[in-house]
Amino acid sequence: MNAPLPLDGTLPPRTDRDRTRLWAALAALLFVPGMLTAGVLTLASESASRCVTYGERCTPGLPAWLFECGVGVGAVALVVALAAHAVRVRQAALAVQVLAECTALLVILSHA
């Protein structure tokens, strides 16, 4: 139950809430549209469209295992950021999640 407010009109000191769980969930939700945007940008490039259309100038880009590792590490970091009790652990997991998701997006963009 909430504690009653004092009658003299003063408010109790506000404690800052840790929002790492919110940022982790937001980063995970924005990762999917980011992947789709990166895929469209990749296919919109001249070399990628020539590769798809004519099979010419196809470059291998970064290895696919790097994308898979980025997505896997990002998913594990998301779970840790949502489930950990300590604030420092959640903040570190959020940083790892964002870096892993950026790595996965970089792999997609490297195929252009």
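Residues numbered from 1 in each chain as written. Predicted model: local features only at pLDDT ≥ 70, side-chain atom pairs only at ≥ 80, totals over all residues. Heavy atoms only, no water.

Counting its secondary structure elements, the protein contains four helices and zero strands. Ordered by position from N to C terminus, the α and β elements of the protein give α-α-α-α. Within the protein, the fraction of its 112 residues that count as buried is 21%. When contacts within the protein are restricted to residue pairs at least 6 apart in sequence, those whose partners lie at least 24 apart make up 72%. (Helix = DSSP H or I, 4+ residues; strand = E, 2+ residues; numbered from the N terminus. Buried < 20%, exposed > 50% of the residue type's maximum accessible area, 1.4 Å probe, protein only. Contact = heavy atoms within 4.5 Å.)

So, about the packing of helix H1 (residues 20–44) against helix H2 (residues 46–54). Running from amino to carboxyl end, H1 crosses H2 at an angle of 80°, the nearest separation of the two axes being 5 Å. As summarised for this structure, H1 and H2 are arranged roughly perpendicular, according to the angle between their axes. When H1 is examined against H2, the residues Thr-42, Leu-43 and Ala-44 are found in contact with a partner set consisting of Glu-46, Ala-48, Ser-49 and Val-52. Along the lines of polarity and charge, the residues of the contact of H1 with H2 split into four nonpolar, two polar and one charged. (Axes fitted to C-alpha atoms, helices over the stretch in contact; angles between N-to-C directions. Parallel < 35°, antiparallel > 145°, perpendicular 65-115°, else oblique. Nonpolar A, V, L, I, M, F, W, Y, C, P; charged D, E, K, R; others polar.)

Here the focus is the pattern of salt bridges. Under the counting rule described, the total for this entry stands at two salt bridges. Between Arg-90 and Asp-18 there is a salt bridge whose closest N-O contact spans 2.5 Å. Here Arg-90 is found in helix H4 (residues 87–109), whereas its partner Asp-18 is found in the segment before H1, with 72 residues between them in sequence. Glu-56 is paired through a salt bridge with Arg-50; the nearest N and O atoms lie 2.6 Å apart. (Salt bridge = Lys/Arg side-chain N within 4 Å of Asp/Glu carboxyl O.)

With that settled, the discussion passes to the state of the cysteines. Evaluation of the coordinates by the stated rule reveals one disulfide. The disulfide bridge from Cys-51 ends at Cys-58, spanning 2.0 Å between sulfur atoms. Torsion about the S-S bond of the Cys-51 and Cys-58 cystine: about 110°, corresponding to right-handed handedness. According to the relative accessible area criterion, Cys-58 is partly exposed, its value standing at 42%. (Disulfide = S-S within 2.5 Å.)

This part is about the side chain of Gln-97. Following the sequence through the fold, Gln-97 ends up in helix H4. Residue Gln-97 is classed as buried on the basis of its relative accessible area, which comes to 0%. Excluding residues within four positions of it along the chain, Gln-97 makes contact with Ala-24, Ala-27, Ala-28, Gly-74, Ala-77 and Leu-78.

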